[in-house]
Amino acid sequence: MDQNAVSGLSRTTLRAGIIVGAIGAFSVILAPQVMQSLQFGPAYSQALGFVLHVAFQLVTLFFLPFSAALVAASLVMRHLDFTLARAGAAPSAGRQPPRD
C-alpha cells in the first residue's frame, strides 16, 4: 500500500472520529433544550418529542463510543505506519548476525 494512502487513511479516520464526537456532544448538550421547547407546543409535538427523545438516546449511546473507537483506530494506524516505515528503512536493525 502506498505510504500517502496509509497516512491519509489515519487522517480521515481521525477527522471522522472528531466529527462524530462533535455531533454526539452537541446532541447531548442541546437535547434538554429541544425537548423542553417541544413540551409546551401543540399536541403533534408529543409524537415528535418521543421520536427525538429516542434519537437523542441513540446518538448518546452510539456516537460518543464510536467516536472514541475511531480516534483510537487512527492512533493505532499512525503508530503502525510509523513502525512499518522505520522497519522498512532499516530492515536488518533487529537481527543478529548468525553465529558459526
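The shown structure was predicted, so the numbers you read here are calculated from the model rather than taken from an experiment.

A.B. asks: Would you mind showing me how to read the overall build of the protein here?
C.D. replies: Summing up its helical and strand segments, the protein has two helices and zero strands in all. Across the 100 residues in the protein, those meeting the buried criterion constitute 18%. The long-range share in the protein, meaning contacts at least 24 apart out of those at least 6 apart in sequence, stands at 77%. Here the protein has roughly 7,700 Å² of accessible surface; of this, 70% comes from carbon and sulfur atoms.

A.B. asks: Where do I start with a nonpolar patch on the surface in this structure?
C.D. replies: Taken together, the side chains of Phe 50, Val 51, Val 54, Leu 58, Leu 61 and Phe 62 present a nonpolar region at the surface, about 590 Å² in accessible area. For Leu 58, a relative accessible area of 42% translates into the label partly exposed.

A.B. asks: Explain the side chain of Ser 27 here, please?
C.D. replies: Relative to the elements of secondary structure, Ser 27 occurs in helix H1 (residues 3-39). By relative accessible area, which is 9% here, Ser 27 ends up buried. With residues near it in sequence (within four places) discarded, Ser 27 still touches Phe 56 and Val 59.

A.B. asks: How should I be thinking about the side chain of Ser 74 in this particular structure?
C.D. replies: Of note, Ser 74 is situated in helix H2 (residues 44-89). Overall, the relative accessible area of 5% leaves Ser 74 in the buried class. Those residues in contact with Ser 74 that lie beyond four places of it in its chain are Ser 10, Thr 13 and Leu 14.

A.B. asks: Looking at this structure, how should I read the environment of Ala 16?
C.D. replies: Within the secondary structure layout, Ala 16 lies in helix H1. Separated by 50 residues in sequence, Ala 16 and Phe 66 place their C-alpha atoms 10.0 Å apart.

A.B. asks: Please clarify how the environment of Phe 62 should be interpreted in this entry.
C.D. replies: In this structure, Phe 62 sits in helix H2. Take Phe 62: its relative accessible area is 48%, and that puts it in the partly exposed class. For Phe 62 and Val 20, which are 42 residues apart along the polypeptide, the C-alpha to C-alpha distance reads 9.6 Å.

About the criteria used
Residues numbered from 1 in each chain as written. Predicted model: local features only at pLDDT ≥ 70, side-chain atom pairs only at ≥ 80, totals over all residues. Heavy atoms only, no water. Helix = DSSP H or I, 4+ residues; strand = E, 2+ residues; numbered from the N terminus. Buried < 20%, exposed > 50% of the residue type's maximum accessible area, 1.4 Å probe, protein only. Contact = heavy atoms within 4.5 Å. Areas by Shrake-Rupley, 256 points an atom, 1.4 Å probe, with all protein chains shown as cover. Patch = residues over 30% accessible without salt bridge, like charges linked within 9 Å, V, L, I, M, F, W, Y side chains within 5 Å. Salt bridge = Lys/Arg side-chain N within 4 Å of Asp/Glu carboxyl O.

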